[in-house]
Amino acid sequence: MQIVSKLPEVGTTIFSVMSALAKEHGAINLSQGFPDYDCSPLLSELANKYIGSGYNQYAPMPGTVELRERIAEIIQTCYAASYRPDTEITVTAGATQAIYTALATIVKPGDEVLIFEPAYDCYAPSIELQGGKAVYSTLKYPDFCIDWDDVRKKINPKTRALIINSPHNPSGSVLSKNDLNQLEQVVEGTNIIVISDEVYEHMVFDGQIHQSVALREGLRARSFLVSSFGKTVHTTGWKIGYVAAPQHLMAEFRKVHQFLVFAVNHPLQLCLAEFLKNTRNYSELKHFYEAKRNLFLKLTSGSRLKPLHSAGTYFQLMDYSAITQENDTDFAIRLTKENKLASIPLSVFYKEKPGQHLLRFCFAKKDETLEKAAEQLCKL
Ligand code: PMP
Ligand code: GLN
């Protein structure tokens, strides 16, 4: 029996491919974005507490009240914006499901969704599975900032939504106040919905402020704000995230969410709600990762790799053109096999491969892991 693929051009995600290759060759894994240290012992204790005290059946469909209230509080604290926990916040199985569900909620066959490349890998397939078309605008090199003139040219009556992502994976760039001004102008008077992927919201460096859509009344009214606890509390394996959106959007979102996952891990939601009462458990994160970025830059400063600016996330791009002119995928594979160091080639995030020589390294790693990785890089 044969089926016609709905995603004929899609293979296995680069994150699975590179992590598997790293494992096969015993390489240090700076490819897929996850920490190699554990979450806070308090978080594990709380997880045990809730699993051990009878919270092991279905959570309420939109998420536990406790966690939705905590999310509302965090958004209020960080962006002075109020979302109602009962009608405007839904807990999801990570940001991936949040983005998929938001797209499934709004995209009809023939609709266009504008995304920026290099683009996080789940965006285009999730659009196409709804019968929509991903329209690409390329971020300007080497700052990876948005070309607003290009955006204006690509927006038309078929444009149903626009996905923004700041801090940006894979480049580490962040949106500025002016970008939000431009975005407001571009969507004003249209029916365009904004899906704002802010999973790295608490990892913005050098004293900059994260420019959330929640900061702007005009954008909030038409946005699905997406975030994930995986990044914030070092638990990418828990797959718990959330969406905040105005009531009329959220009501439709929940219609889809209830049939996609129904509800998310109950005891861990309660555990996160308690852990995040302490605001330092998210407000300190930027300092922690800024120090990691700085350490990685210092350790690799003697290498022939040229770092680009990482203003946020836990990723660092490096230009390796002083070492070889090999394409990035071949080089990333060779580096994993021969030098025992795995990274992510940047070209996989583009539809039209740009021919740059860039690799993405994840610095959410123990200092000793970064030291060992840098040792390899300095030998190249
Ligand atoms: N968006 C971006 C930009 C990401 O980097 C990631 C994962 N790291 C996700 C979404 C998905 O997050 P989650 O693991 O919570 O599904
Ligand atoms: N977001 C992570 C990264 O960019 C990977 C998540 C995944 O493997 N799906 O590396």
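Remember, predicted model here, so these are calculated numbers, not experimental data.

Conventions we followed
- Residues numbered from 1 in each chain as written.
- Chains lettered and ligands numbered in written order.
- Predicted model: local features only at pLDDT ≥ 70, side-chain atom pairs only at ≥ 80, totals over all residues.
- Heavy atoms only, no water.
- Helix = DSSP H or I, 4+ residues; strand = E, 2+ residues; numbered from the N terminus.
- Buried < 20%, exposed > 50% of the residue type's maximum accessible area, 1.4 Å probe, protein only.
- Contact = heavy atoms within 4.5 Å.
- Areas by Shrake-Rupley, 256 points an atom, 1.4 Å probe, with all protein chains shown as cover.
- Lys, Arg positive; Asp, Glu negative; His and termini not counted.
- Charge placed at Lys NZ, Arg CZ, Asp CG, Glu CD.
- Near = heavy atom within 4 Å.
- Polar contact = N/O pair within 3.5 Å; in protein donor to acceptor, adjacent residues only side chain to side chain.
- Nonpolar A, V, L, I, M, F, W, Y, C, P; charged D, E, K, R; others polar.

## Notes on the overall build of the protein
Logical step 1: Assigned secondary structure in the protein consists of 15 helices and 13 strands.
Logical step 2: Considering only C-alpha atoms, the protein reaches an extent of 55 × 55 × 55 Å along its principal axes.
Logical step 3: Taken across its 380 residues, the protein has 56% of its residues classed as buried.
Logical step 4: Contacts in the protein between residues at least 24 apart in sequence constitute 74% of all its contacts with a sequence separation of at least 6.
Logical step 5: About 16500 Å² of surface is accessible on the protein, with carbon and sulfur atoms providing 52% of the total.
Logical step 6: Side-chain charges of the protein comprise 40 positive and 41 negative groups, with the mean position of each set lying 1 Å from the other.

## Quick notes on the environment of Ser-16
Logical step 1: Tracing the chain through its elements places Ser-16 in helix α1 (residues 14-24).
Logical step 2: Ser-16 gets classed as partly exposed once you look at its relative accessible area, which sits at 38%.
Logical step 3: Residues Ser-16 and Gln-32 lie 16 residues apart in sequence; the distance between their C-alpha atoms is 7.5 Å.

## Description of the site of ligand 2
Logical step 1: Taken together, Phe-15, Gln-32, Gly-33, Tyr-120, Asn-169, Tyr-200, Lys-231, Phe-315 and Arg-360 make up the full set of residues adjacent to ligand 2.
Logical step 2: Within the contact set of ligand 2, an oxygen atom lies 2.7 Å away from a side-chain nitrogen or oxygen of Arg-360.
Logical step 3: Here ligand 2 loses 79% of its free accessible area of 290 Å² to cover by the protein chains.
Logical step 4: Residue composition of the shell around ligand 2, by class: 4 nonpolar, 3 polar and 2 charged.

## Quick look at the site of ligand 1
Logical step 1: Close contacts around ligand 1 come from Gly-94, Ala-95, Thr-96, Tyr-120, Asn-165, Asn-169, Asp-197, Val-199, Tyr-200, Ser-228, Lys-231 and Lys-239, and that covers them all.
Logical step 2: A distance of 2.8 Å separates an oxygen atom of ligand 1 from a polar atom in the backbone of Ala-95.
Logical step 3: Protein burial of ligand 1: of its 390 Å² of free accessible surface, 93% is covered by the chains.
Logical step 4: With 3 residues, helix α4 (residues 94-106) is the single largest residue contributor to the shell around ligand 1.
Logical step 5: Looking at the shell around ligand 1, its residues break down into 4 nonpolar, 5 polar and 3 charged.

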